[in-house]
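Residues per chain are reported as follows:
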Amino acid sequence: MKLLLVEDSERLRGTLARGLRAAGFTVDVAGDGVEANGFLAGYGYDFVVLDLGLPRLDGFGVLRALPAGGARPRVLVLSARDRIGDRVEALNAGADDYLVKPFAFEELLARLHALARRPAETQADVLERAGVRLDPQAHRVTANGGVLQLTPREFALLELLLRHRGRVFARAEILERIAGSESEASDRSIEVVVFGLRRKLADAGCSNLIENRRGAGYLIP
Ligand code: CA
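So, here's what we can say about the structure. Model, not experiment: these values are computed from the prediction.

Calculation notes
Residues numbered from 1 in each chain as written. Predicted model: local features only at pLDDT ≥ 70, side-chain atom pairs only at ≥ 80, totals over all residues. Heavy atoms only, no water. Donors = N, O, S within 2.8 Å, 3.2 Å for Na, K, Ca; no water. Helix = DSSP H or I, 4+ residues; strand = E, 2+ residues; numbered from the N terminus. Buried < 20%, exposed > 50% of the residue type's maximum accessible area, 1.4 Å probe, protein only. Contact = heavy atoms within 4.5 Å. Axes fitted to C-alpha atoms, helices over the stretch in contact; angles between N-to-C directions. Parallel < 35°, antiparallel > 145°, perpendicular 65-115°, else oblique. Nonpolar A, V, L, I, M, F, W, Y, C, P; charged D, E, K, R; others polar. Left-handed = near helix turned anticlockwise from the far one by under 90°.

Before going further, it helps to examine the coordination of the calcium ion. Here the calcium ion is held by Asp8 (OD), Asp51 (OD) and Gly53 (O), and the distances to it run 2.1 to 2.3 Å. Each donor residue of the calcium ion lies on one chain, and together they are spaced D-x42-D-x1-G. Note that Asp8 is positioned in the loop between strand E1 (2–6) and helix H1 (10–22) and Gly53 in the loop between strand E3 (47–51) and helix H3 (59–65), a separation of 45 residues in sequence.

In structure tokens:
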């Protein structure tokens, strides 16, 4: 699951990003609303964790710039403001949930997991191909009926290729889509992810699902 964390306090941003990564999210970070809108315009996210009080453009400005419906990420607003008016305004502006600072990290995680389970207009369909079944809501993959234990990156790669069947993804694009912009991952580490995923698929009897187009990249036809 890909998440954009928007928080201007460097300390809180660092702590939250570390915790969220440890919990299996792919995390990008932004320190103000303008930067956040840049990320949101350029990349797809499942979640945005959004502080309201931000430099340059506040959290309401980020909420209002999000498209209505469609492939909109779910937004959890974080704010030190505990006035009812702010909470109502954020929810009206499109936030899916609201957490008042200070909060326990466990509560943030629990709320994100609850949001992931909540049916949305954009509820993701189960993706299926040649005996492999990926359920984005349940975060579960089966191959020929058996559950596959995938790392977060293997899961993200499989979801990407299944969602865009027939399209070839170059390693650099895969890296950008599944690793997050701050990651130290390289093209080489994408090969490791592909190798690991293919091996697990092969062990489950689905060896030819992911194809390699030499010099171009990977696809699921
Ligand atoms: Ca702030």
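With respect to the secondary-structure elements, Glu176 resides in helix H7 (residues 171–179). Glu176 gets classed as partly exposed once you look at its relative accessible area, which sits at 41%. In sequence terms Glu176 and Leu134 are 42 residues apart; their C-alpha atoms lie 21 Å from each other. Non-local contacts of Glu176, meaning those with residues more than four positions away in its chain, are made with Lys2 and Tyr43.

With that settled, consider the packing of helix H6 (residues 152–163) against helix H8 (residues 187–203). Close contact between H6 and H8 brings their axes to 9 Å; oriented N to C, the two are set at 80°. Compared by their axis directions, H6 and H8 come out roughly perpendicular. In this structure, H6 contributes Arg153, Glu154, Leu157 and Leu158 to the contact, and H8 contributes Val193, Val194, Gly196, Leu197 and Lys200. Considering only residue class, the contact of H6 with H8 consists of five nonpolar, one polar and three charged.

So, on to the packing of H1 against helix H5 (residues 105–117). For the pair H1 and H5, the least separation of the axes is 11 Å and the interaxial angle reads 50°. Relative to H5, the element H1 is oriented oblique. As for how H1 packs across H5, the hand of that crossing is right-handed. Together, Leu16, Gly19 and Leu20 of H1 and Phe105, Leu108, Leu109 and Leu112 of H5 make up the contact between the two elements. The residue inventory of the contact of H1 with H5, partitioned by class, reads six nonpolar, one polar and no charged.

Honestly, that's just the spatial picture; any functional story needs more than this.
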